[in-house]
Amino acid sequence: MSYVSGFLLAVPEANKAAYKAMAEKAWPLFKEYGCLSIQENWGVDTPDGKVTSFPMSVKREEGEVVVFSWMIWPDKATADKGFEKMMTDPRMKEMTEMPFDGMRMMWGGFEPLVTLTAD
């Protein structure tokens, strides 16, 4: 069964190009580790909520945009091994400067429940 690693974070608007470049630079490594695809999504309609919302969840600050991303893996074991390899891969150390505040990043792993497509 496939496995999804999901991420939610706030990125300064001024860092959009840097974030995109970071994601594109990291893709070959993730692919090597077994990741099947990555989807990076720049928020354009993430309204503030009264009880909860995307902006509230990442404590979005003035001038920041919510980014919602996911990675598709063949299975959880491959994802776990891939993330473990990332922590020790010297190529990842070259990407140490993140264009966002990692302390406000949320992530989790998910098993797909329903997949519907227009195909």
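Residues numbered from 1 in each chain as written. Predicted model: local features only at pLDDT ≥ 70, side-chain atom pairs only at ≥ 80, totals over all residues. Heavy atoms only, no water.

> Would you explain the packing of aromatic side chains in this entry?
The geometry of an aromatic ring pair is captured by two quantities: the separation of the ring centres and the angle between the planes. In the structure shown here, the tally under the stated rule is four aromatic pairs. Taking 5.5 Å as the distance between ring centres and 55 degrees as the angle between the ring planes, the aromatic pair formed by Trp73 and Phe83 counts as tilted. With Trp73 in strand β3 (residues 64-73) and Phe83 in helix α3 (residues 76-88), this pair connects stretches of sequence that are ten residues apart. Every member of this aromatic cluster is reached through a ring pair, and the members are Phe54, Phe68 and Trp70. (Phe/Tyr/Trp six-rings, centres within 6.5 Å; stacked < 30°, edge-to-face > 60°. Helix = DSSP H or I, 4+ residues; strand = E, 2+ residues; numbered from the N terminus.)

> I would appreciate a short explanation of α3 in the present structure.
Since the α-helix packs 3.6 residues into each turn, any two residues three or four apart lie on the same face. Relative to the 18 Å expected for 13 residues at 1.5 Å per residue, α3 spans 19 Å between its end C-alpha atoms, a close match to the ideal helical length. When α3 is considered as a whole, its buried residues turn out to be Thr78, Ala79, Gly82 and Met86. Angularly, the buried residues of α3 cover 100 degrees about the axis, an arc narrow enough to put them on a single face. Exposed residues pointing more than 90 degrees away from the buried face of α3 are listed as Lys81, Glu84, Met87 and Thr88. Where α3 is buried, its residues meet β1 (3-12), α1 (16-32), β3 and α4 (90-93). You can read the cap of α3 off the contacts: a side-chain oxygen lies 3.3 Å from the backbone nitrogen of Ala77, and it is on Asp75. (Expected span 1.5 Å × (residues − 1). Buried < 20%, exposed > 50% of the residue type's maximum accessible area, 1.4 Å probe, protein only. Arc of directions from axis to C-beta. Contact = heavy atoms within 4.5 Å. Polar contact = N/O pair within 3.5 Å; in protein donor to acceptor, adjacent residues only side chain to side chain.)

> Just checking my understanding: could you explain the environment of Met106 for this structure?
With respect to the secondary-structure elements, Met106 resides in strand β4 (residues 106-110). For Met106, a relative accessible area of 38% translates into the label partly exposed. For Met106 and Leu8, which are 98 residues apart along the polypeptide, the C-alpha to C-alpha distance reads 5.1 Å.

> Could you clarify how one ought to interpret the sheet that holds β4 in this entry?
Across a sheet, strands are paired by hydrogen bonds formed along the backbone, either parallel or antiparallel in direction. The sheet built from four strands is open, its strands ordered β2-β3-β1-β4 with antiparallel pairing. This sheet does not close on itself; its edge strands, each paired only once, are β2 (37-42) and β4. Ignoring which end each strand starts from, the neighbouring axes of this sheet average 15 degrees apart. Of the strand pairs in this sheet, β2 and β3 are connected by six bridges, and their pairing is antiparallel. Looking at β3, one finds that Ile38 is bridged to Met71. On top of the sheet, α1 reaches β1, β2 and β3; it is set at about 170 degrees to β2, its chief contact. (Pairing = 2+ DSSP bridges. Axes fitted to C-alpha atoms, helices over the stretch in contact; angles between N-to-C directions.)

Purely geometric stuff here, so don't read any function into it on its own.
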